[in-house]
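# Structural features, examined
Chain by chain, the residues run as shown.
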Amino acid sequence: MDKKFYAHTRPINENGVERTEYQLLSDHERGVGTLCGQFAEAFGAQAEGHEAGVHHDDGKATAAFQHRLLDNGPKVDHATAGAQNIMLSNNLLLAACVMGHHSGLPDFGSTKDPLGAPTFTGRIKKWGTPAIPPLDPDYPIPPVRLPQRPVTRPSLSESFRTRMLYSCLVDADYLDTEQFMQGDMPRGTGDSLETLLTRLQARLNKWDNPTSELNKLRQQILRACVSAAANPKGIYTLTVPTGGGKTTSSLAFALHHAVEHGMKRVIYVVPYTSIIEQNADVFRGILGDENVLEHHSGVQFENDEENGNPDPKALAAENWDSPLVITTAVQFFESMYANRSSQCRKLHNLANSVIIFDEAQMLPLCHLIPCVAAIGALVEQFGATAVLCTATQPVLGDLIQRFAPSHAISEICPEIPFYFDKFRRVTFRQVGVLEDDVLAEQLCTHEQVLCIVNSRKAAQSIFSQLPKEGSFHLSTLMVPKHRRSVLEEIRRRLNDGLPCRVVSTSLVEAGVDIDFPSVYRELAGLDSILQAAGRCNREGKRAAEDSIVTIFCRTEKAPPLFGQAIGATNTALDNNADPASPQTMQSYFSELRKLNGSAIDKIGVIDAFERGRGGSLYPFRTIAEKFHMIDNDTRTVYIPWKDGSELIERLCDGACSKKLYRQLGQYAVQVYDKHFQALYNAGALQTADKTNGLDDRSAILCDLSLYDEKTGLSLQADSGQALFG
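Attention here is on the structure that accompanies the text. Within each chain, residues carry numbers counting from 1 in the order of the written sequence. Predicted model: local features are reported for residues with pLDDT of at least 70 only, side-chain atom pairs are reported and counted for 80 or more only, and whole-chain, interface and lining totals are derived from all residues. To obtain the side-chain values, all non-hydrogen atoms of the structure were used and water was disregarded.

## Quick look at the overall build of the protein
- Note on conventions: DSSP H or I runs of at least 4 residues are helices, E runs of at least 2 residues are strands, and numbering of each starts at the N terminus. From N to C terminus, the protein includes 28 helices and 23 strands.
- Based on C-alpha atoms, the radius of gyration is set beside the globule rule, defined as 2.2 Å times the residue count to the power 0.38. Compactness check: the protein gives a C-alpha radius of gyration of 28 Å against a globular reference of 27 Å for 725 residues, within 12% of the reference.
- Expressed as lengths along the three principal axes of its C-alpha atoms, the size of the protein is roughly 90 × 60 × 55 Å.
- By the burial criterion, 56% of the 725 residues in the protein qualify as buried.
- Contacts in the protein between residues at least 24 apart in sequence constitute 75% of all its contacts with a sequence separation of at least 6.
- For the protein, the accessible surface area stands at approximately 30,500 Å², while carbon and sulfur atoms represent 49% of it.
- Put simply, the protein has 72 plus and 87 minus side-chain charges, and the middle of one group is 2 Å from the middle of the other. Any residue under 20% of the maximum accessible area for its type is buried, any over 50% is exposed, and the rest in between are partly exposed; the area is computed with a 1.4 Å probe on protein chains only. We call two residues in contact when some of their heavy atoms are within 4.5 Å. Computed with a 1.4 Å probe, the accessible areas rest on the Shrake-Rupley method; for each residue, only the protein chains presented here act as cover. His is not counted here, nor are the chain ends, while Lys and Arg score as positive and Asp and Glu score as negative. A charge is said to be at NZ when it belongs to Lys, at CZ for Arg, at CG for Asp and at CD for Glu.

## Remarks on the packing of helix H21 (residues 526-533) against helix H23 (residues 582-596)
- Two numbers describe how H21 lies on H23: the axes approach to 9 Å, and their chain directions differ by 140°. Considering their axes alone, H21 and H23 lie oblique with respect to each other. On H23, the residues touching Leu526, Asp527 and Leu530 of H21 are Thr584, Met585, Tyr588 and Phe589.
- Three residue categories are used. Nonpolar comprises Ala, Val, Leu, Ile, Met, Phe, Trp, Tyr, Cys and Pro, charged comprises Asp, Glu, Lys and Arg, and polar comprises the others, including Gly. For the contact of H21 with H23, the class distribution of residues is 5 nonpolar, 1 polar and 1 charged. Inter-axis angles, ranging from 0 to 180 degrees, are taken between N-to-C directions of lines fitted to C-alpha atoms, where helices are fitted over the stretch in contact. Throughout this description, any angle smaller than 35 degrees is read as roughly parallel, any larger than 145 degrees as roughly antiparallel, any in the 65 to 115 degree range as roughly perpendicular, and the remainder as oblique.

## A look at helix H4 (residues 79-87)
- Counted residue by residue, H4 has 8 buried out of 9 residues, so it is predominantly covered.
- Looking only at H4, the buried set comprises Ala79, Thr80, Ala81, Gly82, Ala83, Gln84, Asn85 and Ile86.
- The inward-facing, buried residues of H4 abut helix H2 (46-55), helix H5 (92-99) and helix H6 (120-124).

## A look at the state of the cysteines
- When two cysteine sulfur atoms are found within 2.5 Å, that pair is recorded as a disulfide. Applying the stated criterion to the full structure yields 0 disulfides.
- For the unlinked cysteine Cys344, the closest cysteine sulfur is that of Cys97, found at 9.3 Å.
- As a non-bridged cysteine, Cys652 has Cys702 as the owner of its nearest cysteine sulfur, 9.7 Å distant.

## Quick notes on the nonpolar core
- Counting 84 residues, the largest nonpolar core has Phe332 and Phe333 as its most contacted members.
- Apart from the residues lying within four places of it in its own chain, the contact partners of Phe333 are Phe357, Leu363, Cys371, Ala374, Ile375, Phe627 and Met629.
- What we call a nonpolar core is a set of buried Ala, Val, Leu, Ile, Met, Phe, Trp, Tyr and Cys residues that are connected through their side-chain atoms within 4.5 Å. With 67 residues, the next largest nonpolar core counts Met478, Val479, Val512 and Ala532 among its residues.

## Some points on the pattern of salt bridges
- A pairing counts as a salt bridge when a side-chain nitrogen of Lys or Arg comes within 4 Å of a carboxyl oxygen of Asp or Glu. This model, assessed by the stated rule, comprises 39 salt bridges.
- With a closest N to O distance of 3.1 Å, Asp57 and Lys60 form a salt bridge.
- Looking at Lys60, the relative accessible area reads 4%, which means it is buried.
- With a closest N to O distance of 3.3 Å, Lys126 and Asp77 form a salt bridge. Taken together, the positions of Lys126 in the loop between H6 and helix H7 (156-182) and Asp77 in the loop between helix H3 (63-71) and H4 put the pair 49 residues apart, joining distant regions of the chain. The two residues Lys126 and Asp77 agree in class, both being buried.

## Some points on the environment of Leu450
- Of note, Leu450 is situated in strand S12 (residues 448-452).
- Residue classification places Leu450 among the buried residues on the basis of a relative accessible area of 0%.
- Sequence separation between Leu450 and Pro364 is 86 residues; the distance between their C-alpha atoms is 26 Å.

Here you go:
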């Protein structure tokens with residue numbers, strides 16, 4: 001009787017009788033090889049994908065692993081054997097993919113690494129030792145059929161290619177295993193891009209023959225986007241002034257372009273979840289809910305796991321298998337530099353896709369080079385089209401040329417100065433330094449006015465000097481649910497013509513659809529000033545000369561975070577330059593790049609992969625652990641505000657689930673360490689212990705007197721505590 005080797009087992013209950021079903025190892029490896037090859041075909045690596053899949057679980061053909069699987073024996077390293085077989089073709093980076101298909105892509109390391117080190121070279125040295133069980137000679141392992149691909153020198157492009165192959169492998173492995181363990185799942189749902197384009201066109205047809213001047217201009221921009229969609233795949237900018245309809249126009253370009261070139265999907269990358277929610281609602285209204293995957297930390301999927309009915313969108317979120325995906329820049333770029341299978345799994349679905357980077361000016365300067373490198377690789381190596389979409393276009397031409405040398409940037413809507421002039425709806429004035437009490441007095445002369453400042457401390461201070469009736473405060477010291485309810489009241493009062501004076505931090509500058517007749521903006525980056533101006537006379541119902549955006553300075557020095565941006569703004573606005581001019585914006589971003597210098601690759605990502613770091617080649621794991629789009633120097637305070645109380649009670653009872661933490665995100669405030677410590681010292685926080693679901697960077701506010709219905713979490717832990725910025 002032939003010896004059988006198994007990859008997985010699953011229990012089955014048929015009419016009350018328990019039995020076990022087995023998946024043959026050969027069937028699993030063959031299935032993964034087929035899927036992985038299909039995924040990798042999108043970027044010309046079908047053969048490598050197939051071989052990685054066929055050999056990824058070779059190490060399960062051992063007596064030790066079969067004992068583990070069938071008899072609950074001790075754990076076995078089954079990945080190193082497959083990696084060793086791939087190494088026979090001298091394709092070391094593909095071997096690293098196989099080695100890390102469960103544990104994550106390792107640092108490649110160096111030949112000096114000792115046996116057993118967590119690097120690729122350290123682990124491969126375990127081959128032939130008792131740590132790696134010998135393969136059973138009765139298992140027919142097929143020969144590796146790959147051309148030689150040795151690691152000659154470090155290469156950023158090879159690192160991206162490796163991560164993409166890794167993505168193909170781990171997704172194929174997940175899918176084939178899922179098919180055996182759970183049967184057919186509702187994956188790949190959604191309509192074709194051709195169908196989505198038809199739906200979009202039906203909506204756009206209703207907007208034909210516009211009557212207002214603004215709508216006529218929006219229609220011209222839309223037509224320019226549709227016309228440009230026939231152009232070759234590559235890197236584009238869409239520079240549209242605020243109010244120009246860039247959300248719908250960029251969608252029109254993306255769908256027309258994707259259908260024209262036989263591409264797979266459209267992906268929107270945006271900086272804030274508030275923008276995601278707004279844009280996703282627009283897309284769902286046009287394309288249908290089933291075609292739009294919203295994937296970020298605040299979204300919740302309703303799985304009926306008990307009855308075996310997973311939410312199709314929850315499944316799609318695992319690998320972005322959806323016609324249109326809308327996600328955050330944090331999720332997108334951290335995945336591009338990740339090494340774990342769960343994060344990398346989606347990457348291969350970026351190949352041959354249209355990727356829109358909304359509000360592209362908000363790419364963090366400290367990671368600007370790695371972000372542009374990732375965009376360049378997707379276009380240069382993986383057949384994607386990238387669109388940098390914003391009213392305030394950053395200066396990236398030199399970096400694009402560096403990382404995507406065969407793709408120059410093209411502007412989709414080239415008549416930029418014409419449109420910016422036509423969409424001009426405000427008049428700027430600079431008034432220099434204003435004392436807070438003088439600023440408050442000026443705000444009180446307006447029935448409806450928005451004032452945006454650079455810190456939460458400033459927002460609370462100025463708000464406290466306004467009359468209570470008709471005055472509102474917005475900052476991230478308020479939980480998201482609270483902010484949304486205040487924004488709804490603000491919109492209602494604006495629409496009804498009621499008094500409405502708002503003091504806010506920059507959170508309202510992008511993606512928040514509000515329209516004030518007057519806006520005050522504390523001096524900041526020029527892009528922030530123009531985003532603030534987009535909240536003034538947004539619909540063009542008033543004359544530009546009557547819609548004033550006032551730029552002011554406070555007597556209190558701006559937080560250090562704003563220093564370089566303010567310096568670049570002052571340089572760009574020398575000689576009374578027009579703040580709204582595209583030329584002024586170009587001058588601003590050029591100056592900002594100069595001021596930041598080499599700090600635009602803060603952790604040295606490019607050097608790490610191009611030159612090696614500390615003698616270690618391809619530091620996949622090291623960079624993944626260090627690359628964070630947002631520095632994690634804050635802590636989370638959960639606030640039992642309204643419905644949040646019940647969720648927090650569940651957390652305190654020890655309930656821990658991704659769904660609960662996502663729900664709790666609507667009742668959380670992020671604070672800096674010294675603010676957190678002050679609250680803790682005042683006895684206002686419940687921190688982690690064995691009975692609750694908190695970690696060491698989160699706590700629950702247990703003194704609700706410190707959460708105000710107007711301003712959110714107090715910056716004073718007690719009567720004697722100083723304010724924090």
